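Structural characterization, general
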Amino acid sequence: MKQLINTALAYLIAGAVAGVFFREFTKIMGFDGVSALGFMHAHLLALGFLVFLIATLFALADDYTGDKLFKPFYIVYNVGLVVTVGMMLVRGVAQVTNTYLPLPDAALSGIAGIGHIMIGVGLVLVVVMFKRVVDRRIAENRVQA
C-alpha cells in the first residue's frame, strides 16, 4: 500500500512540475499556441495521481497488492504513462521551439500509441483486481448472512 500512495505522490509532484514547466517554458519562448506540453499536466494528475490515489483507497479497504496481477499492473501502467507523457514532452518542446525532430511524426505517434495501449492494459488489470475485491466482499457477506 505504501508503494501506491508514494506513486500517487510522485505523480502529483510530476503533474505540478509539468504545469509550471508548460507555463514558464512557453512564456520564455514567446509561444502562445497549442502544444502537447499543455496536456502533460492533466495526464499526470488524472492518469497518475488520481488512479494511484483510488488504487490506494481500494487497497485500504482490502489489500489486493498480493494479487498475482498487481506487479504486472504496476509495471505496465507506469511504463505506459511515462512513455505517453515522455512523447508529449518531446513533441511539445519541438512544437514550442519549432525544432525539426529526426524521427518522423508517425514514429512519435506510434510510440505514444504504445504508451496509451499500455495504460489501457494496466487499467484493465487494476479493474480486474478491484472486481476480485468486490466479489470477495460479496462472498464474505453471504457467508455471514
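On a predicted model such as this, the values are computed, not experimentally measured, just so you know.

Here helix 1 (residues 2-29) spans 40 Å end to end across 28 residues, near enough to the 40 Å set by a 1.5 Å rise per residue. Burial in helix 1 covers these residues: Leu4, Thr7, Ala8, Tyr11, Gly15, Ala18, Gly19, Phe25 and Thr26. Those residues of helix 1 hidden inside the fold are in contact with helix 2 (37-61) and helix 3 (70-97). Residue glycine 30 follows helix 1 closely and has a positive phi angle near 70 degrees.

Formed by 30 residues in total, the largest nonpolar core has its most connected members in Leu4, Phe52, Tyr64, Phe70, Phe73, Tyr77 and Met129. Among the secondary structure elements, those contributing two or more residues to this core are helix 1, helix 2, helix 3 and helix 4 (105-144). In this view, phenylalanine 52 contacts Leu4, Thr7, Ala8, Tyr11, Phe73, Tyr74, Tyr77 and Asn78; residues no more than four positions away in its chain are not counted.

Right, let's get into the packing of helix 3 against helix 4. For the pair helix 3 and helix 4, the least separation of the axes is 7 Å and the interaxial angle reads 150 degrees. Classed by the angle they form, the pair helix 3 and helix 4 counts as roughly antiparallel. Relative to helix 4, helix 3 is oriented so that their crossing is left-handed. Its residues placed into classes, the contact of helix 3 with helix 4 shows 20 nonpolar, six polar and two charged.

About the criteria used
Residues numbered from 1 in each chain as written. Predicted model: local features only at pLDDT ≥ 70, side-chain atom pairs only at ≥ 80, totals over all residues. Heavy atoms only, no water. Helix = DSSP H or I, 4+ residues; strand = E, 2+ residues; numbered from the N terminus. Expected span 1.5 Å × (residues − 1). Buried < 20%, exposed > 50% of the residue type's maximum accessible area, 1.4 Å probe, protein only. Contact = heavy atoms within 4.5 Å. Core = buried A, V, L, I, M, F, W, Y, C linked by side-chain atoms within 4.5 Å. Axes fitted to C-alpha atoms, helices over the stretch in contact; angles between N-to-C directions. Parallel < 35°, antiparallel > 145°, perpendicular 65-115°, else oblique. Left-handed = near helix turned anticlockwise from the far one by under 90°. Nonpolar A, V, L, I, M, F, W, Y, C, P; charged D, E, K, R; others polar.

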